[in-house]
Amino acid sequence: MSLALAPLDVSVELEANLPCRKFDPDLWFSDSPTDLELAKSLCGDCPLRVECLAGAVERAEPWGVWGGEIFERGAVVPRKRPRGRPRKEDLARDAALQVEAEARLAASGVATSRNAVRLAA
């Protein structure tokens, strides 16, 4: 059975306390990098974070924050870039954040190799 489609044994009280249920859903699908970072931080203590991330990876979610990670065009990205040409220091920071995103995915048990989930540069 697909993890993404597996029924969750979640009480109504728990579901009401999930960050994606308490806050504006548009926050998880914002175009603003700042809003997406806020959504990622809200996912940090969610009890369903790993399941949410696993489901999003399996479905190759086209965009949004899922399980505390940002998806863009079906790939996990370390951060959403603002429009325009990136600065040189931003490129160096993106490389470091890419390594950190890969480590978070591996630690969550969702992906054990680069082939398991596509990470966008």
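Note that this is a predicted model, so its numbers are computed, not measured. (Residues numbered from 1 in each chain as written. Predicted model: local features only at pLDDT ≥ 70, side-chain atom pairs only at ≥ 80, totals over all residues. Heavy atoms only, no water.)

### Side note on the overall build of the protein
So, point 1. Across its full length, the protein carries five helices and three strands.
So, point 2. Listing each helix as α and each strand as β along the protein from the N terminus yields α-α-α-α-β-β-β-α.
So, point 3. The buried share of the protein, taken over its 121 residues, is 34%.
So, point 4. When the accessible surface of the protein is split by element, carbon and sulfur atoms take 54% of a total near 7900 Å². (Helix = DSSP H or I, 4+ residues; strand = E, 2+ residues; numbered from the N terminus. Buried < 20%, exposed > 50% of the residue type's maximum accessible area, 1.4 Å probe, protein only. Areas by Shrake-Rupley, 256 points an atom, 1.4 Å probe, with all protein chains shown as cover.)

### What about the UniProt feature "binding site: [4Fe-4S] cluster" (unreviewed entry) in the protein?
So, point 1. According to UniProt, the positions carrying the feature "binding site: [4Fe-4S] cluster" (unreviewed entry) are C20, C43, C46 and C52. What stands out for the annotated residues spanning 33 residues is how close their C-alpha atoms remain, the widest pair being 10.8 Å apart.
So, point 2. Relative to the elements of secondary structure, C43 occurs in helix α3 (residues 33–43).
So, point 3. Judged by relative accessible area, C43 falls into the buried class, the value being 8%.
So, point 4. In this fold, C46 is placed in the loop between α3 and α4 (49–59). (UniProt positions renumbered as here; feature names shortened; annotations may be inferred.)

### Some points on the environment of R104
So, point 1. Relative to the helices and strands, R104 is located in helix α5 (residues 88–108).
So, point 2. Given a relative accessible area of 28%, R104 falls into the partly exposed group.
So, point 3. In this structure, the C-alpha to C-alpha distance between R104 and G68, residues 36 residues apart in sequence, is 9.5 Å.
So, point 4. The residues touching R104, leaving out its near neighbours within four places in the chain, are K40 and E69. (Contact = heavy atoms within 4.5 Å.)

### Re the packing of aromatic side chains
So, point 1. Within this structure, the stated rule accounts for two aromatic pairs.
So, point 2. When the ring of F29 is compared with that of W63, the centres are 5.2 Å apart and the planes differ by 70°; the resulting orientation is edge-to-face. Of this pair, F29 sits in the loop between α2 (19–22) and α3 while W63 is found in strand β1 (residues 63–66), placing the two residues 34 residues apart along the sequence.
So, point 3. Taking the centre distance of 5.8 Å and the plane angle of 75° together, the rings of F29 and W66 count as edge-to-face. Taken together, the positions of F29 in the loop between α2 and α3 and W66 in strand β1 put the pair 37 residues apart, joining distant regions of the chain.
So, point 4. Overall, F29 belongs to the partly exposed group, its relative accessible area being 30%.
So, point 5. Among the aromatic residues, those joined into a ring-pair cluster are F29, W63 and W66. (Phe/Tyr/Trp six-rings, centres within 6.5 Å; stacked < 30°, edge-to-face > 60°.)

### A word on unusual backbone geometry
So, point 1. Even without being glycine, A60 reaches a positive phi, approximately 50°.
So, point 2. By secondary structure assignment, the location of A60 is in the loop between α4 and β1.
So, point 3. For A60, a relative accessible area of 39% corresponds to the partly exposed category.

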